[in-house]
Amino acid sequence: MKLILLGAPGAGKGTQALSLSEKFDIPWMSSGDLFRSHRKENTDLWKQSFGYIEKGLLVPDSITINMVLSWIDENSNKGFLLDGFPRNIYQAESLETHLDNSSGIDKAIYISVPDEILIDRLSSRVVCKVCGIPYTKSDKNKCTVKACTGELYQREDDKPESIKKRLQVFMDETKPLIEYYNFRDKLIQIDGSGTVESVRESLESSILISNK
Ligand code: ADP
């Protein structure tokens, strides 16, 4: 299965991706986590990307597309679940071209959530330094995913100014992908404003139905 998760920052892509990738046994890639995995070593890729990420802007396609397509080549013989890529039409077309020998992706799942809820979630979110799983700020300070126990921290782009910018970038650049995949009959839309469990159930059942 080749699946894409679409949704504004805070829609719940990262929260749902781990369980979906386990349930359907497909590797999960978060483009944001791939970028952040370069931070510790301060690689050239991180030096070129950090300024954009911090401001809530998209990293240039020339950097992002190579990074993600290399991940696909190395990891995706069992299909994939992409979270955070594509984020604009050019990236979507590059992905289709790259998958040219197959019929492209199977489904793009759009998790839709009203803006007020997104802002609320992002400003109270902390994420695991090691595996990237998001949590709501509380007294917990370690990741509880099996065998992880990474430290939780607030991302530099989860500050109010960057949050505003990221939501704007989503509206301008990423939202057109909804029409792009709808036109190709590949879009599934899910209401992401409910609880983690109810959204997970809708996601799993819509994937099962579409895969019949
Ligand atoms: P969120 O979905 O919460 O906004 P991500 O962790 O997916 O956050 O991404 C964080 C940042 O990484 C983005 O704001 C952007 O700067 C960069 N980024 C991630 N994916 C892409 C992409 N496909 N194209 C360009 N930039 C990206």
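An account of the accompanying structure is given in this report. (Residues numbered from 1 in each chain as written. Predicted model: local features only at pLDDT ≥ 70, side-chain atom pairs only at ≥ 80, totals over all residues. Heavy atoms only, no water.)

**Side note on the packing of helix H4 (residues 61-75) against helix H5 (residues 89-98)**
Contact geometry for H4 and H5: axes closest at 11 Å, N-to-C directions at 35°. For the element pair H4 and H5, the recorded crossing hand is right-handed. Contacts between H4 and H5 involve Asp61, Thr64, Ile65, Leu69, Ile72 and Asp73 from the first element and Tyr90, Gln91, Ser94, Leu95 and His98 from the second. By residue class, the composition of the contact of H4 with H5 is five nonpolar, four polar and two charged. (Axes fitted to C-alpha atoms, helices over the stretch in contact; angles between N-to-C directions. Helix = DSSP H or I, 4+ residues; strand = E, 2+ residues; numbered from the N terminus. Left-handed = near helix turned anticlockwise from the far one by under 90°. Contact = heavy atoms within 4.5 Å. Nonpolar A, V, L, I, M, F, W, Y, C, P; charged D, E, K, R; others polar.)

**Focus on the site of the ligand**
Neighbouring the ligand are 19 residues, the closest being Ser31, Arg36, Leu57, Gly84 and Arg166. Within the side chain of arginine 36, a nitrogen or oxygen atom sits 2.8 Å from an oxygen atom of the ligand. Arginine 87 places a polar side-chain atom, nitrogen or oxygen, 3.0 Å from a nitrogen atom of the ligand. In the complex, the protein chains occlude 97% of the 540 Å² of accessible area that the ligand would expose alone. When atoms are counted within 2 Å of each cavity's grid points, the one that captures over half of the ligand is the largest pocket. When residues of the shell around the ligand are assigned to their parent elements, the largest contribution, four residues, is made by helix H2 (residues 31-36). (Near = heavy atom within 4 Å. Polar contact = N/O pair within 3.5 Å; in protein donor to acceptor, adjacent residues only side chain to side chain. Areas by Shrake-Rupley, 256 points an atom, 1.4 Å probe, with all protein chains shown as cover. 1 Å grid on protein atoms, 1.4 Å probe; cavity = no way out; pocket = protein on both sides within 12 Å on 5 of 7 lines; lining within 4 Å. Sits in = over half its atoms within 2 Å of the grid points.)

Read these as spatial facts, not as claims about activity.
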